[in-house]
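The primary structure of each chain is shown beneath.
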Amino acid sequence: MVTIKLPDGSTRELPKRATAADLAAEMGPGVAASAVAAEVNGRLVDLASPLVDGASVSIVPAGSEAGRDVIRHSTAHVMAQAVLRLWPGARLAIGPVIADGFYYDFELPGGAHFSEEDLVRVDAVMRDIIAEDQPFSREELSVDEGLALFEGQPYKQEIIEAVAAGAEEVDAAGSADVGRAVVSAYRNSEAFVDLCRGPHVPSTGRLGHFRLTRVAGAYWRGDEHRQQLQRIYGTAWESEEALAGYLHRLEEAERRDHRRIGHELDLFSFPEEIGSGLPVFHPKGGIVRREMEDYSRQRHADAGYDFVYSPHITKASLFEVSGHVDWYADSMYPPMELDDGSTYYVKPMNCPFHILVFRSRQRSYRELPMRLFEFGSVYRYEKSGVVHGLTRVRGMTQDDAHIFCTREQLSDELTRALTFVLDLLSDFGLDDFWLELSTKPEDKAVGSDQDWEEATATLREVAEGRGLELVLDEGGGAFYGPKISVQARDAIGRNWQISTVQLDFQLPQRFGLEYTGADNAKHRPVMIHRALFGSVERFFGMLLEHYAGNLPTWLSPEQVRVLPVRDDHVEYALATTERFCAAGLRAQMVDASEPLGTRIRSAKLEKIPYVLVVGGDDVSAGTVGVNRRGDDRPQRGVPVDQAIALARDDVAQRRTAPSG
RNA sequence: GCGCCCGUAGCUCAGAACGGACAGAGCACCGGACUUGUAAUCCGGAGGUCGCGGGUUCAAGUCCCGCCGGGCGUUCCA
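Notes on the structure follow.

Criteria and cut-off values
- Residues numbered from 1 in each chain as written.
- Chains lettered and ligands numbered in written order.
- Predicted model: local features only at pLDDT ≥ 70, side-chain atom pairs only at ≥ 80, totals over all residues.
- Heavy atoms only, no water.
- 1 Å grid on protein atoms, 1.4 Å probe; cavity = no way out; pocket = protein on both sides within 12 Å on 5 of 7 lines; lining within 4 Å.
- Points joined across faces, edges and corners; volume = space filled by probe spheres on them.
- Helix = DSSP H or I, 4+ residues; strand = E, 2+ residues; numbered from the N terminus.
- Nonpolar A, V, L, I, M, F, W, Y, C, P; charged D, E, K, R; others polar.
- Salt bridge = Lys/Arg side-chain N within 4 Å of Asp/Glu carboxyl O.
- Buried < 20%, exposed > 50% of the residue type's maximum accessible area, 1.4 Å probe, protein only.
- Near = heavy atom within 4 Å.
- Polar contact = N/O pair within 3.5 Å; in protein donor to acceptor, adjacent residues only side chain to side chain.
- Axes fitted to C-alpha atoms, helices over the stretch in contact; angles between N-to-C directions.
- Parallel < 35°, antiparallel > 145°, perpendicular 65-115°, else oblique.
- Contact = heavy atoms within 4.5 Å.
- Pairing = 2+ DSSP bridges.
- Left-handed = near helix turned anticlockwise from the far one by under 90°.

Some words on the layout of surface pockets
- Its volume calculated, the largest pocket comes out at about 1300 Å³.
- Arg138, Ser184, Cys196, Arg197 and Gly198 are, among the 38 residues lining the largest pocket, the residues nearest its centre.
- When contributions to the lining of the largest pocket are tallied by element, the ones reaching two or more residues are β4 (43-45), α3 (65-86), β9 (137-142), α6 (154-172), β10 (182-189) and β11 (192-195).
- At 5 residues, the largest contribution of residues to the lining of the largest pocket is made by α3.
- When grouped by side-chain class, the residues that make up the lining of the largest pocket number 22 nonpolar, 7 polar and 9 charged.
- Volume-wise, the second largest pocket comes out at about 980 Å³.
- Forming the boundary of the second largest pocket are 39 residues, of which Tyr328, Met349, Arg380, Gln398 and Thr500 lie nearest the centre.
- For the lining of the second largest pocket, the elements supplying multiple residues, two or more each, are α11 (324-327), β21 (395-405), β25 (495-504) and β28 (526-535).
- Residue classes in the lining of the second largest pocket are distributed as 14 nonpolar, 15 polar and 10 charged.

Dropping the structure here:
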């Protein structure tokens, strides 16, 4: 007999040679039916694994995160088998699990490529394989046996060699139980065996709730200099309902796509004539931007920032001194050569300009901290193929600031900056944040260890003081300073990297920045880079997706639309509209040349927060019929003043209006 | 950059697998009628070198080649 410890602390006796599957069966038919793998002493293993005496075991159900990973990984194997059936001689690379799904990379014979129609064929063969209910059986092999088994599969052999090399390293480090590198493989049938760490479901019959989603190219080991492979992405779930739920979430994300909303609401466009990644904002989008920027300006003024402006192009030397030309050239537009022999760059960053503002005359410690702010337009040459809507553009406006301060002020300034960021983002209706703190890289870094430690500790304190989740990116900071980035989760749970607060020990040095201290000696200031929206464009896109186009009233291009029922109500409607406008609201009247139902529909589709209908009753009573976005039914007979107060309050509170 | 997909009216898309009767629809726009109390009123009109160039053919949105533009992906040890 063997004794097994269960997660609830109880123990169970099982006959010798019992497997995890036996345990699941013992625990009940429900457990057995949903089991896809087991966790033994913290390691995921197959259900067929024998249990050793004293092990802590939990059964992994299909619907758990770990269980889904097993299903996805197994489905990836089925896909690989299907591809091999359809393209004999295809070489297999890797087929890992990713968020919500999996992919598998292949090199097809004769350099063939997958097309979208191929997905249908692969899908059909996969369903055959699942119907065949092939077992997944594990084999453990020595390195030499592995290399022999995967003759003709060079990628698999490369992986085996990497595993072997890794094992030697572990050996050299003196690790106990790694005697010899062992690899494992899973065989489904005579025709198909794949190198894999496992675990897998017991047999292919356990799978089936999957969908192949897209084809893509990808490089072996993610290295663009190496072989390009053909990738198929898919998703797989424990049940048809879970799959349907996921597909529904995809549709929801599609529905919220800011490019679609931006077009539908006439906010911005990307004219081909201008170029990839270069948006123009239409009048309505312009209103939203102006509101965003005006509010940001006001907050910056309140927080003690000074406003500066800098040109869009500069002589090359500026970015040579800053170092950008050396390590950032790939992302910069190529230089412009002028007749007089000088070279200019379109600016990819604002920092050197702000530095020159600082350096324009001698500075005293009395002037610090100096906080220079600018909505600075920058241009970055993003590779064709990475440009995406407003979220990845080639021309953008950063709400950029650079704070120059003394070392003594550093901690306080970091605290202020981070607090400021979080407050401002909250005003835009984002309230689910987490922070990522990148600390000093191991190899090389400028600045003293003490500076790094102090700054890192400060950033951590602010984060913890706010009760925010803090993810440590150990050693992930840039060599020139530690960084904290603010990530926001949107309404459907997606993460957006937004603001960054970054310390810089390097640029003040490269530009020889100095201030005169109270001791009448020269000192070097410390510099903080920070952006709140990151880029106005990207933040705009994110807000559109977060709100699915239902912008809060204060940001809505048109806040109020007044609809007279008939022509003879137009006069009253106009007068009412003017009252809203006089109250500082963006209101417009649309006359009765279309039926009321049509006009209401248009207004709703335009996601206008307040649609006011005025008819005979209203004319005589001085009221309006109020349709608030998101409300099921209108509220009739509301006094005009009350309706104005309602809308003004929304604006004043920056209330996030409900969706329509 | 590379892979896949796409390019027909301002927009969304049919027509392409089979070359000929194929320049189409809806929305938007313009004109007229309708005068409306809560998510699409009716009638009419205008609008396209089918991304560009070349080729095959009696005949090319449709087949072939090249180019341009757009979208998606490029989520790193089995």
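Remarks on the pattern of salt bridges
- For the coordinates displayed, the defined rule picks out 41 salt bridges.
- Taking the shortest distance from any N to any O, the salt bridge between Asp294 and Arg297 comes out at 3.3 Å. Here Asp294 and its partner Arg297 are both found in helix α9 (residues 283-302), 3 residues apart, which amounts to about one turn of the helix.
- Note on Asp294: relative accessible area 36%, which makes it partly exposed.
- Linking Arg299 and Asp427 is a salt bridge whose minimum nitrogen-to-oxygen distance equals 2.6 Å. Separated by 128 residues along the polypeptide, Arg299 in helix α9 and Asp427 in helix α13 (residues 407-427) bring together distant segments of the chain.
- Classification of Arg299 by relative accessible area gives buried; the value is 18%.
- In this structure Asp427 comes out as partly exposed when scored by relative accessible area, which is 21%.
- Each member of the salt-bridge network shares a partner with another, and the members are Lys284, Glu558, Arg561 and Glu606.

Overview of the protein's contact with RNA strand B
- As a matter of local geometry, RNA strand B sits amid 57 residues, with Cys196, Gln228, Arg259, Ala592 and Thr598 nearest to it.
- The share of sugar and phosphate among atoms of RNA strand B within 4 Å of the protein is 51%.
- Interatomic distance of 2.4 Å between a side-chain N/O atom of Arg197 and a phosphate oxygen of RNA strand B.
- Asp617 is positioned such that a nitrogen or oxygen atom in its backbone is 2.8 Å from a base oxygen of RNA strand B.
- If you list the elements that add at least two residues to the surface near RNA strand B, you get α6, β10, β12 (210-219), β13 (228-236), α8 (258-264), α18 (596-605), α19 (616-621) and β32 (623-628).
- Of the residues forming the surface near RNA strand B, the biggest block, 7 residues, is contributed by α18.
- A class-by-class count of the residues in the surface near RNA strand B yields 23 nonpolar, 19 polar and 15 charged.

A look at the packing of α9 against helix α16 (residues 536-546)
- Across the interface, α9 lies against α16 with an axial gap of 11 Å and an inter-helix angle of 110 degrees. On the basis of their axis angle, the class for α9 and α16 is roughly perpendicular. Only Val536, Glu537, Phe539, Phe540 and Leu543 of α16 make contact with α9, whose side of the interface consists of Gly285, Val288, Arg289, Met292 and Glu293.
- Classifying every residue of the contact of α9 with α16 gives 6 nonpolar, 1 polar and 3 charged.

A short note on the pairing of strand β20 (residues 370-379)
- Burial within β20 is extensive, with 9 of its 10 residues counted as buried.
- Two strands pair when backbone bridges link them, and strand β16 (residues 306-307) and β20 are joined in this way by 2 bridges, in the parallel orientation. In the sheet register, Phe307 faces β20, and the bridge partner there is Phe373.
- Note that β20 and β21 share 10 bridges and pair antiparallel.

Describing the packing of α9 against α13
- Two numbers describe how α9 lies on α13: the axes approach to 12 Å, and their chain directions differ by 150 degrees. Every pair of crossing elements has a handedness; the one defined by α9 and α13 is right-handed. Residues Tyr295, Arg299 and His300 of α9 touch α13, and the partners they reach there are Phe420, Asp423, Leu424 and Asp427.
- Residue composition of the contact of α9 with α13, grouped by class: 3 nonpolar, 1 polar and 3 charged.

Structural notes on unusual backbone geometry
- Here Gly198 and Pro199 are connected by a cis peptide whose omega angle stands at 0 degrees.
- In this structure, Pro199 sits in the loop between β11 and β12.
- In this structure, Pro369 follows Leu368 across a cis peptide bond, with omega equal to 0 degrees.
- Non-glycine residue Arg17 carries a positive phi angle of around 70 degrees.
- Residues other than glycine seldom take positive phi values, yet Arg654 does so here, at roughly 50 degrees.
- As for its placement among the helices and strands, Arg654 is situated in the segment after α20 (640-653).

Some details on empty space enclosed by the protein
- Overall, the coordinates contain 2 cavities of 30 Å³ or more when judged by the stated rule.
- Taken as a whole, the largest cavity holds about 130 Å³ of empty space.

Looking at the sheet that holds strand β30 (residues 587-589)
- Spatially, the 5 strands line up as an open sheet ordered β30-β29-β31-β32-β33, and their pairing is mixed. Either end of the sheet is taken by a strand with one partner, and the two such strands are β30 and β33 (635-639). Taking the axes of each pair of neighbouring strands and ignoring which way they run, one obtains an average angle of 30 degrees across the sheet.
- Inspection of the sheet shows strand β31 (residues 610-614) paired to β32 by 4 bridges, in the antiparallel sense. Residue pairing in the sheet places Val611 in a bridge with Asn627 of β32.
- Sheet strands touched by helix α17 (residues 570-582): β29 (560-564), β30, β31 and β32. Its angle to β30, the strand with the most contacts, is close to 170 degrees.
- Lying on the sheet, α20 is in contact with β31, β32 and β33; it crosses β33 at an angle near 95 degrees.

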